[in-house]
Amino acid sequence: MFASKKALLFIANGSEETEVVVPIDVLRRAGIKVTVASIEGSRDALKCAQDTVIVPDISISEVSTDDIYDVVIVPGGEKGAAAMAKNPAVGNLLQQHYSKGKLVAAICAGPLVFQAHKIGIKNATVTAYPECQKELKTDYNIVDQPVHHCELKTNDGEHHMLTSQGPGTAFAFALKIVEILDGSSKVKKIREDMLL
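What counts and what doesn't
Residues numbered from 1 in each chain as written. Predicted model: local features only at pLDDT ≥ 70, side-chain atom pairs only at ≥ 80, totals over all residues. Heavy atoms only, no water. UniProt positions renumbered as here; feature names shortened; annotations may be inferred. Buried < 20%, exposed > 50% of the residue type's maximum accessible area, 1.4 Å probe, protein only. Helix = DSSP H or I, 4+ residues; strand = E, 2+ residues; numbered from the N terminus. Pairing = 2+ DSSP bridges. Phe/Tyr/Trp six-rings, centres within 6.5 Å; stacked < 30°, edge-to-face > 60°. Lys NZ or Arg CZ within 6 Å of the ring centre and 35° of its normal. Contact = heavy atoms within 4.5 Å. Polar contact = N/O pair within 3.5 Å; in protein donor to acceptor, adjacent residues only side chain to side chain. Axes fitted to C-alpha atoms, helices over the stretch in contact; angles between N-to-C directions. Expected span 1.5 Å × (residues − 1). Salt bridge = Lys/Arg side-chain N within 4 Å of Asp/Glu carboxyl O.

- Looking at an unreviewed UniProt entry, one finds the protein chain named DJ-1/PfpI domain-containing protein and attributed to Adineta steineri.
- Regarding the protein chain, the UniProt comment filed under Subcellular location (unreviewed entry) reads as follows: "Cytoplasm".

Right, here's the structure in full:
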């Protein structure tokens, strides 16, 4: 029997709940094992940007560097993304997965976390929440698309980044992750099941 795909999704106080909950739900419907990791140092409940309370599965300190995920996901939410941008453990896990050719995905203000941790700097094309795009222009090519998949081939290998613009693009973002990891037939089934 083959192993199912695995996703690691970071969460912080102030993360945008739509960008947390929608990817969790869609990926789990696709059979992808999603682990929600708090960057706050414990498994305590976290308050999201619109006051929704979410309990993570684990703390980031419980994520082993031996654990390899098929995708690492960074939600937006201004406060949550700012905390992730300053967190060295987030940066280490993103760098580890990016360097191994695994998909790294960020939505809304999440691409600012990529920028802070130097993921795809100077080579990648990204999209983000419109107010974040000006800051990102110093290090990335910007496209005004709801969801953008950037595949980079460099001297040190192939790298994959997926970015998206915000809460209104959360379903498209999550479905694109499923498509990249498991193909379009899974996406079609999820769309049918969810009446999308």
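After that view, the rundown keeps rolling.
1. Observations regarding the pairing of strand β11 (residues 157-164)
- Most of β11 is tucked away: 6 of the 8 residues are buried.
- Pairing geometry for strand β7 (residues 103-107) and β11, over 5 bridges, is parallel. Counterpart to A105 in the pairing with β11 is L162.
- With 8 bridges joining them, strand β10 (residues 147-154) and β11 adopt antiparallel strand pairing. Along β11, the bridge assignment pairs K153 with E158.
- Hairpin connection of β10 to β11: 2 residues between the antiparallel strands.

2. Concerning the packing of aromatic side chains
- Going through the model one piece at a time under the given rule, you end up with 0 aromatic pairs.
- For the cation-ring pair, K6 lies above Y69, with the distance from its terminal atom to the ring centre recorded as 4.9 Å.

3. Some points on the environment of D57
- Looking at the secondary structure, you find D57 in the loop between β4 (53-54) and β5 (58-59).
- Distance from D57 to D139, taken between C-alpha atoms, is 33 Å for residues 82 residues apart in sequence.
- Sequence-distant contacts of D57, defined by excluding residues within four places in its chain, comprise R28, V34, T35, V36 and R43.
- Here V36 takes part through its backbone nitrogen, which lies 2.7 Å from a polar atom of the side chain of D57.

4. Some words on the sheet that holds strand β1 (residues 6-11)
- The strand order across the open sheet formed by 7 strands is β5-β2-β1-β6-β7-β11-β10, and the pairing between neighbours is mixed. A single partner strand is all that each edge strand has here, and the edge strands are β5 and β10.
- Direction of pairing for β1 relative to strand β2 (residues 33-38): parallel, over a ladder of 6 bridges. Note that in β2 the partner of L9 across the bridge is V36.
- Its contacts with the sheet put helix α1 (residues 17-29) on β1, β2, β6 (71-74) and β7, and the angle it makes with β1 is roughly 170°.

5. Concerning the side chain of D139
- Inspection of the secondary structure puts D139 in the loop between α5 (130-136) and β9 (141-142).
- With a relative accessible area of 18%, D139 lands in the buried category.
- At a separation of 2.8 Å, a polar atom in the side chain of D139 contacts the side chain of Q115.
- Apart from residues lying up to four places away in sequence, D139 is in contact with Q115, I121 and K122.

6. Considerations on the UniProt feature "domain: DJ-1/PfpI" (unreviewed entry) in the protein chain
- Following the UniProt record, the feature "domain: DJ-1/PfpI" (unreviewed entry) maps to residues 5-179 here.
- The span residues 5-179 is 33% helix and 27% strand, and its two end C-alpha atoms sit 12 Å from each other.

7. Some points on α1
- Between its first and last C-alpha atoms α1 spans 18 Å; for 13 residues at 1.5 Å apiece the expected length is 18 Å, and the two agree.
- Among the residues making up α1, those that are buried are E17, E19, V20, V22, P23, I24, V26 and L27.
- Taken from the residues just after α1, G31 is the one with a positive phi, measuring 85°.

8. Structural notes on the pattern of salt bridges
- In this structure the tally under the stated criterion is 9 salt bridges.
- Close ionic contact of D70 with K102 constitutes a salt bridge, the shortest N to O distance being 3.9 Å. Remark: K102 occurs in the loop between α3 (88-99) and β7 and D70 occurs in the loop between β5 and β6; sequence separation between them is 32 residues.
- Residue classification places D70 among the buried positions, given a relative accessible area of 17%.
- Judged by its relative accessible area of 25%, K102 is partly exposed.
- One salt bridge connects D182 with K186, and the closest N-O pair in it is separated by 3.5 Å.
- The exposure class assigned to D182 is partly exposed, which follows from its relative accessible area of 26%.
- The class for K186 is partly exposed, based on a relative accessible area of 34%.

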